[in-house]
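These are the residues of each chain, in order.
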Amino acid sequence: MQLIFLGPPGAGKGTMATRVADDHDIPHISTGDIFRYNINNKTALGLQVKSILDSGELVPDGLTIDLVRDRLGQEDCSKGFILDGFPRTIAQAEALESFSDIRCVLNFSLSDEIIVDRLSGRRVHKSSGRTYHVLHNPPKVSGKDDVTGEELIVRSDDQVDSVRKRLSVYYEQTAPLKEFYQNKGILHEVDATPPPDEVYESIKTILAET
Ligand code: AP5
């Protein structure tokens, strides 16, 4: 099972990818998580991309493509994988064709208004990437991670200016991928508006039928 989760920032791709990956015992590969891990650990890659992520722009294609190609070559991807946040440009999608065999792309859609609500209420456990929402998916204890009890943070790119930039970058560079995959007959629409359990049920139905 090789899947792509496509959609705007804050659509719930990461939340759903975690659940599908657990159910199918396949890795959830989020390029955003990989970049943030490197930023948190102050690696050379992290230092290179920190200001790009903070601004809401995209990391250059060449660097991102090499990173994903290496990751998909690892042993745990032999049974399949979920790509969350990659590809994000036509160049990335074309490159991906040379090192994968994607047959199913889920496109998450929802309004800009809901996106802003979701991102402004998002809280994250920094070291694991576990994600919560203050209203829609709250932790058991306010402000604390359910598993470790550690403090939750607000992602630096969830500030208003950065969110605005991420949305415009999405419409300019990533939204055209819908047509790219539609033309290949492998795009499936997911209404990402309902609560998480409902969205998950609709994903399960799509995956059972493909
Ligand atoms: P990335 O980390 O991929 O960010 P994104 O695509 O903007 O997506 P998000 O993580 O913001 O949202 P999500 O859809 O995963 O939503 P979530 O599940 O958290 O990328 C960050 C940056 O890295 C980019 O801006 C770029 O700089 C760089 N980058 C990454 N990949 C790149 C690439 N391929 N090329 C170049 N640069 C790249 O949910 C959001 C909130 O909503 C949470 O609080 C959650 O609890 C809540 N929620 C989820 N589902 C529901 C629901 N159904 N109902 C109510 N609330 C919900």
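If you're wondering where the values come from, they're calculated on a predicted model, not measured in any experiment.

1. A look at helix α9 (residues 196-209)
Part 1 of the argument: Taking 1.5 Å per residue as the helical rise, α9 with its 14 residues ought to reach 20 Å, and the 20 Å between its terminal C-alpha atoms agrees with that figure.
Part 2 of the argument: Each element contacted by the buried residues of α9 is listed here: β1 (2-6), α1 (13-24), β4 (104-109) and β7 (187-191).

2. So, the packing of helix α2 (residues 31-40) against helix α4 (residues 61-72)
Part 1 of the argument: Axis separation between α2 and α4 bottoms out at 11 Å; the angle between their running directions is 100 degrees. With respect to their mutual orientation, α2 and α4 come out roughly perpendicular. Between α2 and α4, the contacting residues are Thr 31, Ile 34 and Phe 35 on the first element and Leu 63, Thr 64, Leu 67 and Val 68 on the second.
Part 2 of the argument: The residue makeup of the contact of α2 with α4, split by class, is 5 nonpolar, 2 polar and no charged.

3. Looking at the environment of Lys 79
Part 1 of the argument: By secondary structure assignment, the location of Lys 79 is in the loop between α4 and β3 (81-84).
Part 2 of the argument: Since its relative accessible area comes to 52%, Lys 79 is described here as exposed.
Part 3 of the argument: The spacing of Lys 79 and His 24 is 55 residues in sequence and 9.5 Å in space, taken between C-alpha atoms.
Part 4 of the argument: Other than its neighbours up to four places away in sequence, Lys 79 contacts Met 1, Asp 25 and Ile 26.

4. Some details on the environment of Gly 80
Part 1 of the argument: Note that Gly 80 resides in the loop between α4 and β3.
Part 2 of the argument: In this structure, the C-alpha to C-alpha distance between Gly 80 and Gly 14, residues 66 residues apart in sequence, is 17 Å.
Part 3 of the argument: Residue contacts for Gly 80: discarding those within four places in its chain leaves Met 1, Ile 26 and Pro 27.

5. A few points about the sheet that holds β3
Part 1 of the argument: Read from one edge of the open sheet, 5 strands run β2-β3-β1-β4-β7, paired in parallel fashion. In this open sheet, the two strands that pair with only one neighbour each are β2 (28-30) and β7. Strand after strand, the sheet turns through a mean of 25 degrees between neighbouring axes, direction not considered.
Part 2 of the argument: Alignment of β1 against β3, held across 4 bridges, turns out to be parallel. Residue pairing for β3: Ile 4 is matched across the bridge by Leu 83.
Part 3 of the argument: α2 rests against β2 and β3 of the sheet, and its axis sits at about 65 degrees to β2.
Part 4 of the argument: In the packing of α9 onto the sheet, contacts are made with β1, β4 and β7, and the angle to β7 comes to roughly 160 degrees.

What counts, and where the lines are drawn
- Residues numbered from 1 in each chain as written.
- Predicted model: local features only at pLDDT ≥ 70, side-chain atom pairs only at ≥ 80, totals over all residues.
- Heavy atoms only, no water.
- Helix = DSSP H or I, 4+ residues; strand = E, 2+ residues; numbered from the N terminus.
- Expected span 1.5 Å × (residues − 1).
- Contact = heavy atoms within 4.5 Å.
- Axes fitted to C-alpha atoms, helices over the stretch in contact; angles between N-to-C directions.
- Parallel < 35°, antiparallel > 145°, perpendicular 65-115°, else oblique.
- Nonpolar A, V, L, I, M, F, W, Y, C, P; charged D, E, K, R; others polar.
- Buried < 20%, exposed > 50% of the residue type's maximum accessible area, 1.4 Å probe, protein only.
- Pairing = 2+ DSSP bridges.

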